Protein chains: 2
Amino acid sequence: MLAVHLEYGRIETRRVAKPRRGPGMALVRVLYAGICNTDLELQRGYYGFRGRPGHEFAGEVVQADDPPLAGKLVVGEINLSCENCDWCARGLGQHCPRRTVLGILKHPGAFAEFVVLPERNLHLVPPGIPSEQAVFVEPLAAACEILDQVKIPRGAPVAVLGDGKLGLLIAQVLQAHGARVHQFGRHKDKLRIAEHAGVVGELAGQTTPAASYDWVVDATGSPEGLQTAVAMTRPRGTVIMKSTVHGRVSIDTAPVIVNEITLVGSRCGRFEPALKLLAAGKVRVDEMISQVFPLAGAPRAPPNAAC
Amino acid sequence: MLAVHLEYGRIETRRVAKPRRGPGMALVRVLYAGICNTDLELQRGYYGFRGRPGHEFAGEVVQADDPPLAGKLVVGEINLSCENCDWCARGLGQHCPRRTVLGILKHPGAFAEFVVLPERNLHLVPPGIPSEQAVFVEPLAAACEILDQVKIPRGAPVAVLGDGKLGLLIAQVLQAHGARVHQFGRHKDKLRIAEHAGVVGELAGQTTPAASYDWVVDATGSPEGLQTAVAMTRPRGTVIMKSTVHGRVSIDTAPVIVNEITLVGSRCGRFEPALKLLAAGKVRVDEMISQVFPLAGAPRAPPNAAC
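Summarised in this report is the structure supplied together with it. As a convention, each chain's residues are numbered from 1 in the sequence order in which they are written. Ligands are numbered from 1 and chains lettered from A, in the order in which they are written. Where totals are concerned, whole chains, interfaces and linings use all residues; where local detail is concerned, this predicted model gives features only for residues with pLDDT of at least 70, and gives and counts side-chain atom pairs only at 80 or more. Side-chain calculation: all heavy atoms of the structure are included, whereas hydrogens and water are not.

## Observations concerning the overall build of chain A
Put simply, DSSP marks the helices as runs of H or I at least four residues long and the strands as runs of E at least two long, and each gets a number from the N terminus on. Within chain A, the regular secondary structure consists of nine helices and 18 strands. Values of the radius of gyration come from C-alpha atoms, whereas the globule rule sets the reference at 2.2 Å times the count of residues to the power 0.38. Relative to a compact globule of 307 residues, whose C-alpha radius of gyration would be 19 Å, chain A shows 19 Å and is just as compact. Counting only C-alpha atoms, chain A reaches 55 × 40 × 35 Å along its principal axes. The contact criterion used throughout is that any non-hydrogen atoms of two residues lie within 4.5 Å. A separation of at least 24 residues holds for 65% of the contacts in chain A among residues at least 6 apart in sequence. The protein chains shown are the only cover counted for residues, whose accessible areas, like all others here, come from Shrake-Rupley with a 1.4 Å probe. On chain A, roughly 13200 Å² of surface is accessible, and the fraction owed to carbon and sulfur atoms is 51%. Positive charges are assigned to Lys and Arg, negative charges to Asp and Glu, while His and the chain termini are left out of the count. Lys charges are placed at NZ, Arg charges at CZ, Asp charges at CG and Glu charges at CD. For chain A, the distance from the average position of its 34 positive side-chain charges to the average position of its 29 negative side-chain charges is 2 Å.

So, in structure tokens, the structure goes:
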């Protein structure tokens, strides 16, 4: 089969053996895969990644232990947990210390014709959600994770910083939850996507409102995002940290302490609420697809192809 | 009266007019005042402070609107709030945007023979707590603040980093609360103070246990403390940030996000629980007094005189 290979920042496609599934695993034909900011960081050579990236996908089950699965459109959770440790027993397999992670850590990713994942990681895509939308379930679940971690009251003003894919999904998820979302970004056309869902978009200028929100989400992907988010947060407010940034971030911790601000690191989420939101049409993703490439064209996909 | 004057890092004592109290205010004769890490930072010339520092004190009321207050031993909350804004209405005067702060922000501090504070800021010291112990109520309240912010289950292992005054108070408060406290510090003699209260002291070496605690308090006062605290915290765990550090802190935010760690900035606290703990003898402070100076000797007090 054809598969992407990334080695120390250099990307190419290769013909490789089609993977075999073990017991409890499913073989899935990948229909669409999304390029995430993490993939771009791997491509930039961070983390010395070598292997097959890709962790956002929608595909069709080819083989599985569970026969009715065959032929079904599925999406897959990316953490392959051990199912034996305390974390797994608590239902927190995403924090299993022995986990591998699809396309990120010791498990070949979805930028290939086929991918193998445990059947328990798969979720059926409800009818009505086309595969090119289903590919957004993984990042949408990461956006939904915020509501599993913190209780944002309905009607509360929330600032979302960043108008990349994750920022747009977060803005729409929180707006659908009932918050009054202000999204600060640098691209009028991107902000407009969330504006259709009722979000108020604001082009981020040199200054942002100081100490104005009880809830601020940093999804800028920038090392300066956290400091800006803290400055925008009211005393006793909460910053949700959604930006993975390579290297170290420099921050003045004094306002965090003096204003008793809480910072919450947030990563992957459950797929169920994401699938529900997509099925209900409460999150728009179509306009977030900037370009579609065939797998063979992966080396030509520009870095900004991340939708 | 005699009073300390600090100007851009230079400290001296001066004869100044005894302050007059306005309505609702009390004039207090200072018996003891404590040197806090914040005072040392002011002395190092940070923040361009110019004026009279000192915000930890115990004293005797000389004049007040409320006649029974006269002659009483009191301690005082340091935030002078406006009592008119939303924060004050919510009982969060310590976050009032118009506040002044005793010895820190636009209100002359306690390193003087007399200090003036609103009567509502004063707390009577119960019989049995001598004034040299009562001077610890303010930092002890800051330690107690942690339990007002986060719910630490009884029996939970907690790591406290730092064995300065605040670290020792925090370790004892959390131990008295029922947590199993491990304190990491650099001074055997200081660690021993909390060990008397049941805390397990450990001399911090080059390495600290990785991802081992659900609760970690950074009270190191060092720019590296936060990074160490994050590394010691288990996934979904909480770091309480108690270190005020001048300048910027450099931190790798990836483990905060990947492990979904919560960071909680924590500052001043209510005096009531602190007074209760002292009155019940659950926190030992006597051994934390390294030296006592008369006010006239303030310029000679070494930087490590902070108890």
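## Comments concerning the relation of the copies chain A and chain B
Between the two chain copies there is a screw-like relation: a rotation about an axis and a shift along it. Only residues with pLDDT of at least 70 in both copies count here: their C-alpha atoms drive the least-squares fit that superposes the copies. Screw-axis analysis of chain A against chain B gives a translation of 0.0 Å along the axis, an RMSD of 0.0 Å, and a rotation angle of 180°. Classification of the inter-copy transformation places it as that of a two-fold axis. Nearest to the rotation axis, the C-alpha of Ser250 of chain A is located 2.1 Å from it, this being the minimum over chain A. The residues that chain A uses at the interface reappear at the interface of chain B in 100% of cases, marking a shared surface.

## Digging into the environment of Phe271 of chain B
Mapped onto the elements, Phe271 of chain B comes out in helix H9 (residues 271-279). In this view, Phe271 of chain B contacts Val75, Gly76, Glu77, His123, Val137, Glu138 and Ala141 of chain B; residues no more than four positions away in its chain are not counted.

## Let's talk about the packing of helix H5 (residues 165-177) of chain A against helix H6 (residues 188-195) of chain A
All names here are of chain A. Viewed as axis vectors pointing N to C, H5 and H6 meet at an angle of 25°, and their least axial separation amounts to 9 Å. The pairing of H5 with H6 is recorded here as roughly parallel in orientation. Remark: the crossing between H5 and H6 carries right-handed chirality. Taking contact as the criterion, the partners of Leu168, Ala171 and Gln172 in H5 are, on H6, Lys190, Ile193 and Ala194. Note on residue categories: nonpolar means Ala, Val, Leu, Ile, Met, Phe, Trp, Tyr, Cys or Pro, charged means Asp, Glu, Lys or Arg, and polar means any other residue, Gly included. Within the contact of H5 with H6, the residues separate by chemical class into four nonpolar, one polar and one charged. For every element, the axis is a line fit to its C-alpha atoms; helices are fit only across the contacting stretch, and the angle between N-to-C directions ranges from 0 to 180 degrees. For classification purposes, an angle smaller than 35 degrees is called roughly parallel, one larger than 145 roughly antiparallel, one from 65 to 115 roughly perpendicular, and anything else oblique. By the definition used in this description, the sense in which the near helix is turned from the far one sets the handedness, with an anticlockwise turn below a right angle giving left-handed and a clockwise turn giving right-handed.

## Focus on the interface of chain A and chain B
Each side of the interface is counted separately: chain A has 36 residues, and chain B has 37 residues. Summed over both partners, the accessible area lost on bringing two parts together, with a 1.4 Å probe, is the buried area. Interface area, chain A with chain B, both sides summed: about 3200 Å², of which 53% is carbon and sulfur. What counts as a salt bridge is simple: a side-chain nitrogen of Lys or Arg found within 4 Å of a carboxyl oxygen of Asp or Glu. Across the chain A-chain B interface, the total number found is two salt bridges. In this structure, Glu145 of chain B engages Arg236 of chain A in a salt bridge whose closest nitrogen and oxygen atoms are separated by 3.0 Å. Polar contacts here mean pairs of N or O atoms no more than 3.5 Å apart (in protein, one a potential hydrogen donor and the other a potential acceptor; neighbouring residues in sequence count only if both atoms are side-chain atoms). Our count for the chain A to chain B interface comes out at 15 residue pairs in polar contact (both at pLDDT 80 or more). Elements represented by at least two residues in the side of chain A that touches chain B include exactly helix H4 (137-149), helix H7 (225-232), strand E16 (233-241), strand E17 (249-251), helix H8 (254-258) and strand E18 (262-265) of chain A. Two elements, E17 of chain A and strand E17 (residues 249-251) of chain B, share three bridges in a ladder whose sense is antiparallel. Residue pairing in the sheet places Ser250 of chain A in a bridge with Ser250 of chain B of E17 of chain B. Pairs of strands are assigned from DSSP output, requiring at least two bridges between the strands.

## Some words on a nonpolar patch on the surface
Residues enter a patch when their relative accessible area is above 30% and they make no salt bridge; the linking distance is 9 Å between like charges and 5 Å between nonpolar side chains (Val, Leu, Ile, Met, Phe, Trp, Tyr). Judged by side-chain polarity, Leu31, Tyr32 and Val292 of chain A come together as a nonpolar surface patch covering roughly 260 Å² of accessible area. Position of Tyr32 of chain A relative to the elements: it lies in strand E3 (residues 25-34).

## Re the packing of aromatic side chains
Residue and element names in this part refer to chain A. Stacked, edge-to-face and tilted labels apply to pairs of Phe, Tyr and Trp rings (six-membered ring for Trp) whose centres lie within 6.5 Å, assigned for plane angles under 30 degrees, over 60, and everything in between, in that order. What the rule picks out here adds up to two aromatic pairs over all chains. Aromatic pair Phe184 and Tyr213: ring centres 6.4 Å apart, planes at 85°, arrangement edge-to-face. Remark: Tyr213 occurs in strand E15 (residues 213-218) and Phe184 occurs in strand E13 (residues 180-185); sequence separation between them is 29 residues. Should the NZ of a Lys or the CZ of an Arg lie within 6 Å of a ring centre and within 35 degrees of the ring normal, that charge is described as sitting over the ring. For Lys18, the ring lying beneath its charged end belongs to Phe114, and the centroid distance is 4.6 Å.

## Some thoughts on unusual backbone geometry
Residues and elements named next belong to chain B. The phi dihedral of Lys106 falls on the positive side, at around 60°, and the residue is not glycine. Along the chain, Lys106 turns up in strand E9 (residues 106-107). Positive phi values are uncommon outside glycine, yet Ala211 reaches one of about 45°. Relative to the elements of secondary structure, Ala211 occurs in the loop between strand E14 (200-203) and strand E15 (213-218). Residue Ala211 is classed as partly exposed on the basis of its relative accessible area of 40%. Here the term buried applies to any residue with accessible area under 20% of the maximum for its type, exposed to any over 50%, and partly exposed to those in between, with areas from a 1.4 Å probe on protein chains only.

## Notes on the environment of Cys85 of chain A
Residue and element names in this part refer to chain A. Position of Cys85 relative to the elements: it lies in the loop between strand E7 (79-80) and helix H2 (86-89). When the C-alpha positions of Cys85 and Pro97 are compared, they lie 8.4 Å apart, and in sequence the two are 12 residues distant. With residues up to four places along the chain from it excluded, the contact list for Cys85 reads Cys96, Pro97 and Arg98.

## Description of the pattern of salt bridges
With the rule as written, the count across this model stands at 26 salt bridges over all chains. Measuring nitrogen to oxygen at the nearest pair gives 2.7 Å for the salt bridge that ties Arg270 of chain A to Asp148 of chain A. Within this pair, whereas Arg270 of chain A is found in the loop between E18 and helix H9 (271-279), its partner Asp148 of chain A is found in helix H4, the two being separated by 122 residues in sequence. Here Asp148 of chain A falls in the partly exposed class, since its relative accessible area comes to 41%. Measuring nitrogen to oxygen at the nearest pair gives 3.8 Å for the salt bridge that ties Arg15 of chain B to Glu113 of chain B. Within this pair, whereas Arg15 of chain B is found in strand E2 (residues 10-15), its partner Glu113 of chain B is found in the loop between E9 and strand E10 (114-118), the two being separated by 98 residues in sequence. Connected through salt bridges with shared partners, the residues Glu7, Arg10, Glu12, Arg14 and Arg50 of chain A form a single ionic network.

## Points about the packing of H4 of chain A against H5 of chain A
Residue and element names in this part refer to chain A. One can describe the packing of H4 onto H5 by two numbers: an axis separation of 9 Å at closest approach and a directional angle of 50°. Judged by the angle between their axes, H4 and H5 are oblique. Where H4 crosses over H5, the two elements pack in a sense that is right-handed. Across the interface between the two elements, Pro139, Leu140, Ala142, Ala143, Cys144, Ile146 and Leu147 of H4 pack against Lys165, Leu166, Leu169, Ile170, Val173, Leu174 and His177 of H5. Class assignment for the residues of the contact of H4 with H5 results in 12 nonpolar, one polar and one charged.

## Brief notes about the side chain of Thr262 of chain A
With respect to the helices and strands, the residue Thr262 of chain A is situated in strand E18. Once you skip the residues sitting within four places of it in the chain, Thr262 of chain A turns out to touch Gly237, Thr238 and Val239 of chain A together with Thr262, Leu263 and Val264 of chain B.

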